[in-house]
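Descriptive structure summary
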Amino acid sequence: MKRGFNNRYKTYYALVNLNTLEERFESGDRVTPELLHGLNIVRRTNLPIKVVGDGELGHPLTVVAHKFTASARAKIEAAGGVAEEI
């Protein structure tokens, strides 16, 4: 028997690091959730995508995701890219 409080309204996200985006995509690419699923970077298709700011981004990308951390958004924009929320 499980004890304690379980929040049934919590949203779980599939996390993507900036390191992964740096390694897998070229300058000027548009990174979408469909592309991340197609390349098996994100395996669970039923979860929304959240980009976290682990690592550095050295070239501009247009990243489309459901949510961004503040550090990820700042690093994407500092590299000359665009962070678009769905």
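Given the structure is predicted, the values throughout are model-derived calculations rather than measurements.

**Some thoughts on the overall build of the chain**
A count of helical and extended segments in the chain gives three helices and six strands. Secondary structure elements of the chain occur, N-terminal to C-terminal, as β-α-β-α-β-β-β-α-β. Each principal axis of the C-alpha atoms in the chain carries an extent, and together these give about 50 × 25 × 20 Å. Evaluated residue by residue, the chain yields a buried proportion of 34% over its 86 residues. Long-range contacts, defined here as pairs at least 24 residues apart, represent 50% of the contacts in the chain between residues at least 6 apart. Accessible surface computed for the chain: about 5800 Å², of which carbon and sulfur atoms make up 46%. Charged side chains of the chain number 12 positive and 10 negative; the gap between the two group centres comes to 17 Å.

**Structural notes on the confidence of the model for the chain**
Low pLDDT marks regions whose predicted coordinates should not be analysed in detail. On average, residues of the chain score 94 in pLDDT, and 99% of them reach the 70 mark or higher. Put simply, helix 1 (residues 18-24) is where the chain has its lowest mean pLDDT, 95, and strand 5 (residues 67-68) is where it has its highest, 98.

**Topic: the nonpolar core**
Side chains of nonpolar character tend, in soluble globular proteins, to be buried together. Counting residues in each nonpolar core, the largest one holds 21 residues, and the members touching the most others are Leu-21, Leu-36, Val-51 and Ile-76. With residues up to four places along the chain from it excluded, the contact list for Ile-76 reads Leu-18, Val-51, Leu-57, Leu-61, Val-63, Phe-68, Gly-81, Val-82 and Ala-83.

**Regarding the sheet that holds strand 1 (residues 14-17)**
The three strands are arranged 1-3-5 in an open sheet whose pairing can be described as parallel. Both outer strands of the open sheet, strand 1 and strand 5, are each paired with one neighbouring strand and no more. Across two bridges, strand 3 (residues 49-52) lies against strand 5 in parallel orientation. Across the sheet, the residue bridging to Val-51 is Phe-68, located in strand 5.

**Re the environment of Ile-49**
Along the polypeptide, Ile-49 turns up in strand 3. For Ile-49 and Pro-33, which are 16 residues apart along the polypeptide, the C-alpha to C-alpha distance reads 7.0 Å. Setting aside residues up to four positions removed in sequence, Ile-49 forms contacts with Tyr-13, Ala-14, Val-16, Pro-33, Leu-36, His-37, Val-42, Ala-65, His-66 and Lys-67.

The rules behind each value
- Residues numbered from 1 in each chain as written.
- Predicted model: local features only at pLDDT ≥ 70, side-chain atom pairs only at ≥ 80, totals over all residues.
- Heavy atoms only, no water.
- Helix = DSSP H or I, 4+ residues; strand = E, 2+ residues; numbered from the N terminus.
- Buried < 20%, exposed > 50% of the residue type's maximum accessible area, 1.4 Å probe, protein only.
- Contact = heavy atoms within 4.5 Å.
- Areas by Shrake-Rupley, 256 points an atom, 1.4 Å probe, with all protein chains shown as cover.
- Lys, Arg positive; Asp, Glu negative; His and termini not counted.
- Charge placed at Lys NZ, Arg CZ, Asp CG, Glu CD.
- pLDDT = per-residue confidence, 0-100.
- Core = buried A, V, L, I, M, F, W, Y, C linked by side-chain atoms within 4.5 Å.
- Pairing = 2+ DSSP bridges.

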